[in-house]
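Below are the chains, spelled out letter by letter.
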Amino acid sequence: MTTAIDTEYAAWLERVDMTRESIANCCVHRLHGDRVAAERVSIEVIGGLLARPRVFQYFGLPFSGRVAHLAELGLARARDGVVLDGCSWAVLREALAGLPAEDRETVVLACVEGYDDARLAEALGCDEAAARARRERALARLAELALRAVPTQTEAKELM
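Definitions and cut-offs
Residues numbered from 1 in each chain as written. Predicted model: local features only at pLDDT ≥ 70, side-chain atom pairs only at ≥ 80, totals over all residues. Heavy atoms only, no water. Helix = DSSP H or I, 4+ residues; strand = E, 2+ residues; numbered from the N terminus. Expected span 1.5 Å × (residues − 1). Buried < 20%, exposed > 50% of the residue type's maximum accessible area, 1.4 Å probe, protein only. Contact = heavy atoms within 4.5 Å. Axes fitted to C-alpha atoms, helices over the stretch in contact; angles between N-to-C directions. Parallel < 35°, antiparallel > 145°, perpendicular 65-115°, else oblique. Left-handed = near helix turned anticlockwise from the far one by under 90°. Salt bridge = Lys/Arg side-chain N within 4 Å of Asp/Glu carboxyl O.

### Quick notes on helix α1 (residues 4-30)
Between the first and last C-alpha of α1 there are 39 Å, a value that for 27 residues agrees with the 39 Å anticipated at 1.5 Å per step. Residues of α1 that are buried: Ile-5, Tyr-9, Trp-12, Leu-13, Val-16, Asp-17, Thr-19, Arg-20, Ile-23, Ala-24, Cys-27 and Val-28. In this structure, the buried side of α1 is in contact with α2 (35-51), α3 (61-79), α4 (89-97) and α5 (101-112).

### A word on the packing of α2 against α4
Across the interface, α2 lies against α4 with an axial gap of 10 Å and an inter-helix angle of 25°. Considering their axes alone, α2 and α4 lie roughly parallel with respect to each other. The handedness of the crossing between α2 and α4 is left-handed. The segment α2 lies against α4, with Glu-39, Ile-43, Ile-46 and Leu-50 engaging Trp-89, Leu-92 and Leu-96.

### With respect to the pattern of salt bridges
Close approach of charged atoms allows side chains of opposite charge to pair. Applying the stated criterion across every chain, the model contains 12 salt bridges. Two residues, Glu-105 and Arg-134, come together in a salt bridge whose shortest N-O distance is 2.5 Å. Of this pair, Glu-105 sits in helix α5 while Arg-134 is found in helix α7 (residues 128-149), placing the two residues 29 residues apart along the sequence. Classification of Arg-134 as buried rests on a relative accessible area of 12%. Via salt bridges that share partners, Glu-14, Asp-17, Arg-20, Glu-39 and Arg-93 belong to a single interconnected network.

Shown next, in the form of structure tokens:
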């Protein structure tokens with residue numbers, strides 16, 4: 001049985017995929033047709049967004065600014081011939097799709113909808129301490145996935 005949260009998470013994941021695809025399409029022009037490097041940059045950007053997932057609740061400038069900043073970092077590396085050896089989009093997307101249901105719900109409520117801990121606790125039917133622990137656990141899992149996309153500590157810190 002599909003719940004409203006499952007539907008919302010699937011829609012969020014589709015938006016992340018479309019964002020990645022748009023970034024890759026823009027970067028391919030900046031990288032003189034190098035589709036492999038453009039795809040790599042787009043995955044790095046998604047990794048950077050996952051490292052700070054509350055950015056997904058914003059529309060417009062905060063989100064676009066974060067994407068642009070991360071893309072410029074990746075483009076500069078790519079132009080210098082530095083290609084990070086992170087996972088493919090298929091692997092990252094599968095990992096995102098495979099998050100436990102509890103984490104998917106928390107991502108939707110805390111990162112997409114922007115619930116603070118009090119509102120998250122109300123929605124989850126628990127106290128604020130439990131909601132905070134659940135949010136922190138879900139964000140830690142997203143941070144682990146971000147490191148799959150951007151595997152070196154230097155670049156990971158740059159994206160955090």
